[in-house]
Amino acid sequence: MNNLKVGILKEGKIPVDRRVPLVPFQAREIVNTFPNVKVVAQKSDIRCYKDDDYLNEKIEVVDNVDDCDILMGVKEVPIKNLIEGKTYLFFSHTIKEQSYNRDLLREILSKKIRLIDYELLTDSEGTRVVAFGRYAGLVGAYNGILTYGKRYNLFNIRPAHKCFDLEDLKTEYEKVNLPAIKIAVTGGGRVSRGAMEVLDGMRIRKVTPADYINELYDEPVYTQLNSRDYNKAKDGTEFNRGDFYESPHLYESDFAQFSEVTDLLIAGAYWDPAAPVLFKREDILEPNFKIKVIADITCDIEGSIPSTKKPSTIDDPIYDYNPSEDKIEAALKDESNITVMAVDNLPCELPRDASVDFGKELLNNVLPHLFNKDSEGVIERATIAKDGKLTDRFQYLQNYVDGK
C-alpha cells in the first residue's frame with residue numbers, strides 16, 4: 001500500500017468542540033502499527049489535549065494540512081476549510097437531509113471530496129462500530145439529575161463540564177439526594193446504557209416497566225423502556241420489533257401509561273421520523289400528564305418530544321417549555337412549565353474520556369479497513385460522496401442536494 005499522511009483537524013465549528021478523534025498516544029499507536037502511515041496534528045488552542053501532548057508522543061504539529069491524504073475531525077468541517085480532493089472523516093449530519101448542512105454536502109461534491117461519515121461506520125450486521133453515545137448518555141443523565149435538583153432546590157452539583165474527567169464527575173454522586181421520584185429512560189443502545197451507568201452510580205434502584213407503573217416506592221427508582229414498552233400496533237396485534245422498524249407507521253404511541261407516573265424523563269432512544277412521536281403537546285395538557293423535567297439526549301428538534309423546540313448549550317443548558325402557549329420561556333420561570341435540558345453536544349462536557357473511547361474504537365474497528373483493502377465493506381458503507389458524486393447507497397440525497 002502507498003504511504004499515507006493523516007491529519008487530525010482543529011475543530012472549526014461554533015460552538016467550540018474540544019474533542020479529538022485520536023488522542024496523542026493513539027496517534028503514536030497508529031504510526032507504530034502501520035509503518036506506511038504518518039500522522040500529524042493541526043495546531044489547536046481549543047482541543048482537550050494540547051499541542052505539546054502530541055509533540056511528546058513525537059506527533060508533528062503543523063499549521064497547514066493541505067499535504068495530508070486523509071483528514072479526521074469530529075464535527076462538521078466549515079465549508080471554507082474544505083480542501084479539494086481529500087478524504088474526510090467526520091460527523092456530517094446530512095443523512096437525514098438536515099437543511100442546515102445542505103450547502104456543506106454541495107461543496108463536498110463540488111470539490112470531489114470523499115466523505116466518510118462516522119455515524120455510518122457499521123459491521124456486517126449493521127451495528128455501529130464507533131460512537132460517542134455512551135458519553136452522551138452519561139452526561140445527559142447527569143444533567144437531567146442536576147436539572148431536577150435545580151428546579152426543586154434539592155442539591156447543588158457541579159456541571160459536567162466543570163469536572164476534569166469522568167472519575168471527577170463521579171465524586172458528585174454522593175451529593176445527590178432525591179425524593180421518591182420515578183425516572184424513565186428510553187432506549188436500548190449505548191446512550192441509554194450510559195444514562196443507566198449514572199443512575200446506578202447514584203444508587204437509584206432499577207425496576208421493571210410493569211412495577212414502575214403499578215407500584216409505589218419510598219425511594220427514587222428508574223425503569224428502562226424499549227420500543228415495545230411504549231408503542232402498540234394500530235390494528236391491535238402483538239408488537240413485533242422487526243415489523244416496527246420496517247413499518248413504524250403501522251404503530252402508535254402508548255406512552256401515556258408512563259407519562260402519568262414519571263417525574264423525570266431521560267430520552268435516549270433513536271427516533272425515526274416515520275415512527276410515532278413519544279407524545280404530543282395535547283397530551284402534555286392532559287391533567288394526568290406528570291413529567292416536569294425532560295433530559296432530551298436525542299435532541300430531535302420538533303421530533304418525538306414536542307417540548308424540544310431548540311437545542312440548548314453547555315453554558316446555557318436548560319429552558320422552560322410552556323405547553324399552553326407552545327413556546328419557550330426562561331428556565332425555571334413557572335411551575336406549570338416543563339424544564340428541558342437539550343444540549344446537542346453532550347459528550348463535549350467530558351471531552352478527554354469521550355475522545356479516548358472514540359479513538360480506541362477507531363483504532364480497533366475502522367482504521368485497519370481504511371488503511372487496507374476494506375474487504376468487509378466497512379468504509380464503503382460509510383462513504384456518502386466520492387469523485388464528485390453521491391455513492392449508490394446515498395442517491396436518495398440527490399433531491400436534498402438539488403434543493404427539491
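- Per an unreviewed UniProt entry, the protein is named Saccharopine dehydrogenase [NAD(+), L-lysine-forming], and its organism is Fulvivirga lutea.
- As stated in UniProt under Catalytic activity (unreviewed entry), the record for the protein gives "L-saccharopine + NAD(+) + H2O = L-lysine + 2-oxoglutarate + NADH + H(+)".
- The protein has a UniProt comment under Pathway (unreviewed entry) that states "Amino-acid biosynthesis; L-lysine biosynthesis via AAA pathway; L-lysine from L-alpha-aminoadipate (fungal route): step 3/3."

## Describing the sheet that holds strand β5 (residues 87-90)
- One open sheet holds the eight strands; their spatial order is β3-β2-β1-β4-β5-β6-β17-β18, and the pairing between them is mixed. Of all strands in the sheet, those with a lone pairing partner are β3 (60-62) and β18 (389-390), marking the two edges.

## Describing the nonpolar core
- Judged by nonpolar contacts, the single largest core of 106 residues is most densely connected at Tyr118, Leu121, Ile145, Ile183, Ile266 and Phe371.
- The element that contributes the greatest number of residues to this core is helix α4 (residues 133-151), accounting for nine residues.
- With sequence-adjacent residues up to four places away left out, Ile266 is seen in contact with Ala141, Ile183, Ala184, Val185, Thr186, Ala195, Leu199, Ala295 and Ile297.
- Core analysis: the second largest hydrophobic core is formed by 26 residues, Val221, Tyr230, Phe255 and Ile284 among them.

## Focus on helix α1 (residues 24-33)
- Residues of α1 that are buried include every one of Pro24, Gln26, Ala27, Arg28 and Ile30, and no others.
- Among the structural elements, β1 (4-8), β2 (37-42), α2 (51-56), α12 (351-365) and α13 (367-370) are those in contact with the buried residues of α1.

## Points about the UniProt feature "binding site: NAD(+)" (unreviewed entry) in the protein
- If you check UniProt for "binding site: NAD(+)" (unreviewed entry), the listed places come out as Asp229 and Tyr270 in our numbering.
- The residues contacting Asp229, other than those within four sequence positions of it, are Pro209, Gln224, Asp254, Gln257 and Phe258.
- A polar contact is formed between the side chain of Asp229 and the backbone nitrogen of Asn226, at a distance of 2.8 Å.
- Position of Tyr270 among the secondary structure elements: in the loop between β12 (264-267) and α11 (281-284).
- Taking relative accessible area as the criterion, Tyr270 reaches 61% and is therefore assigned exposed.

## As for the pattern of salt bridges
- Within the structure shown, the criterion is met by 24 salt bridges.
- Of the charged contacts, one joins Lys5 and Asp67 as a salt bridge, the two residues approaching to 2.6 Å between their closest N and O atoms. Within this pair, whereas Lys5 is found in strand β1, its partner Asp67 is found in the loop between β3 and β4 (70-72), the two being separated by 62 residues in sequence.
- A salt bridge links Lys43 to Asp63; the shortest N-O distance between them is 3.5 Å. Of the two residues, Lys43 is situated in the loop between β2 and α2 and Asp63 in the loop between β3 and β4; the sequence distance between them amounts to 20 residues.
- Judged by relative accessible area, Asp63 falls into the exposed class, the value being 59%.
- One network of salt bridges, with partners in common, ties together Arg158, Asp168, Glu172 and Lys175.

Each value, and the rule that gives it
Residues numbered from 1 in each chain as written. Predicted model: local features only at pLDDT ≥ 70, side-chain atom pairs only at ≥ 80, totals over all residues. Heavy atoms only, no water. UniProt positions renumbered as here; feature names shortened; annotations may be inferred. Pairing = 2+ DSSP bridges. Helix = DSSP H or I, 4+ residues; strand = E, 2+ residues; numbered from the N terminus. Core = buried A, V, L, I, M, F, W, Y, C linked by side-chain atoms within 4.5 Å. Buried < 20%, exposed > 50% of the residue type's maximum accessible area, 1.4 Å probe, protein only. Contact = heavy atoms within 4.5 Å. Polar contact = N/O pair within 3.5 Å; in protein donor to acceptor, adjacent residues only side chain to side chain. Salt bridge = Lys/Arg side-chain N within 4 Å of Asp/Glu carboxyl O.

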